[in-house]
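Residue-level structural notes
Read off the chains here:
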Amino acid sequence: MIRAFVAADLDDATRSALAVQQFLLPLPRREPVETLHLTLTFLGEVPERQLEQVHEALSDLRLPAFSLSLSGLDMFGGDRPRLVFARVVPDAPLLRLQRKVEGAARRAGVQTGARRFVPHITLGRFRPPGPEAAMRLERAVVDQGGFRAGPVPVREIILFESTRLRDAVRYSALARYPLV
Ligand code: 2AM
């Protein structure tokens, strides 16, 4: 079984802008800047043969290159925050791409879950800190709410394998699909 997901890659200028935000936030843990990405569809643990079918379906997609806009920061977890992210504006070209990728995964027989797509780029993922640290973090997220970036060009999407290591996760690109 291979744990996999499909994501849009980011250009260097956007990575740098996000790294600045990471350093301004009191994050208990930061995602390594070179692994920042926008997940389009999380496939979960899939058998290798099925992943090959996802690969074929993704290879058949003909999709245009487009741009993203990033607008503000947010958290998942409420008053027990466990993830801080940059919000990605859910505009039409992104939603169209996401639907196509999800459709390709489903055609290959992958059950992708019913969660609504909330486009985001995770900056930090961690165990919820204590109440004081959580409040400091929330305040910083609000203070940095004016963060904007873009247009972020998206010229390819990537099929990633995710491997859980002892205290980290490694993402390896299995295949790349150019948007034309
Ligand atoms: P996240 O950053 O919001 O956690 C690899 O784990 C990528 O797939 C991450 O970007 C992660 O998003 C995303 N993902 C979506 N659903 C997931 C799930 N149920 N379990 C793990 N990762 C998930």
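Attention here is on the structure that accompanies the text. (Residues numbered from 1 in each chain as written. Predicted model: local features only at pLDDT ≥ 70, side-chain atom pairs only at ≥ 80, totals over all residues. Heavy atoms only, no water.)

Along its length, the protein chain carries 4 helices and 8 strands. Expected size for 180 residues packed as a compact globule is a radius of gyration near 16 Å; at 17 Å, the protein chain falls within 12% of this value. Each principal axis of the C-alpha atoms in the protein chain carries an extent, and together these give about 50 × 35 × 25 Å. When contacts within the protein chain are restricted to residue pairs at least 6 apart in sequence, long-range pairs at least 24 apart make up 76% of them. Roughly 10100 Å² of accessible area belongs to the protein chain as shown, and the carbon and sulfur atoms make up 51% of that amount. Across the protein chain, the mean location of the 26 positive side-chain charges is 3 Å away from that of the 20 negative side-chain charges. (Helix = DSSP H or I, 4+ residues; strand = E, 2+ residues; numbered from the N terminus. Rg over C-alpha atoms; globule rule 2.2 N^0.38 Å. Contact = heavy atoms within 4.5 Å. Areas by Shrake-Rupley, 256 points an atom, 1.4 Å probe, with all protein chains shown as cover. Lys, Arg positive; Asp, Glu negative; His and termini not counted. Charge placed at Lys NZ, Arg CZ, Asp CG, Glu CD.)

Another aspect to go through is the site of the ligand. Around the ligand, the structure places R3, F5, H37, T39, F42, L83, R115, H120, T122, R125 and Y171. A distance of 2.6 Å separates an oxygen atom of the ligand from a polar side-chain atom of T39. Separating an oxygen atom of the ligand from a side-chain N or O atom of H120 is a distance of 2.6 Å. Coverage of the ligand by the protein chains reaches 74% of its 470 Å² of free accessible surface. Of the pockets mapped on this structure, the ligand occupies the largest pocket. Looking at which element gives the most residues to the shell around the ligand, the answer is strand β5 (residues 120-125), with 3 residues. Classifying every residue of the shell around the ligand gives 4 nonpolar, 4 polar and 3 charged. (Near = heavy atom within 4 Å. Polar contact = N/O pair within 3.5 Å; in protein donor to acceptor, adjacent residues only side chain to side chain. 1 Å grid on protein atoms, 1.4 Å probe; cavity = no way out; pocket = protein on both sides within 12 Å on 5 of 7 lines; lining within 4 Å. Sits in = over half its atoms within 2 Å of the grid points. Nonpolar A, V, L, I, M, F, W, Y, C, P; charged D, E, K, R; others polar.)

The subject of this paragraph is the packing of aromatic side chains. For the coordinates displayed, the defined rule picks out 4 aromatic pairs. Both rings, one in F5 and one in F160, keep their centres 5.3 Å apart while their planes meet at 20 degrees; by these two values the pair is stacked. With F5 in strand β1 (residues 2-8) and F160 in strand β7 (residues 156-164), this pair connects stretches of sequence that are 155 residues apart. A relative accessible area of 4% means that F5 is categorised as buried. Centre to centre, the rings of F76 and F85 are 4.5 Å apart; their planes meet at 40 degrees, and the pair counts as tilted. (Phe/Tyr/Trp six-rings, centres within 6.5 Å; stacked < 30°, edge-to-face > 60°. Buried < 20%, exposed > 50% of the residue type's maximum accessible area, 1.4 Å probe, protein only.)

The next subject is the layout of surface pockets. By volume, the largest pocket amounts to about 1300 Å³. Surrounding the largest pocket, 39 residues form its lining, T39, F42, R115, H120 and R125 being those nearest its centre. Sorting elements by how many residues they give to the lining of the largest pocket places helix α3 (residues 92-107) first, with 5 residues. Considering only residue class, the lining of the largest pocket consists of 15 nonpolar, 10 polar and 14 charged. (Points joined across faces, edges and corners; volume = space filled by probe spheres on them.)

To continue, consider the sheet that holds strand β6 (residues 148-154). Spatially, the 4 strands line up as an open sheet ordered β5-β4-β3-β6, and their pairing is antiparallel. Strand pairing shows two members of the sheet lacking a second neighbour, β5 and β6, which therefore form its edges. Taken pair by pair, the neighbouring strands of this sheet meet at an average axis angle of 30 degrees, ignoring direction. Inspection of the sheet shows strand β4 (residues 83-88) paired to β5 by 5 bridges, in the antiparallel sense. Bridge assignment links A86 to a residue of β5, and that residue is I121. Along the sheet, helix α1 (residues 12-24) makes contact with β3 (66-76), β4, β5 and β6, crossing β5 at roughly 40 degrees. (Pairing = 2+ DSSP bridges. Axes fitted to C-alpha atoms, helices over the stretch in contact; angles between N-to-C directions.)

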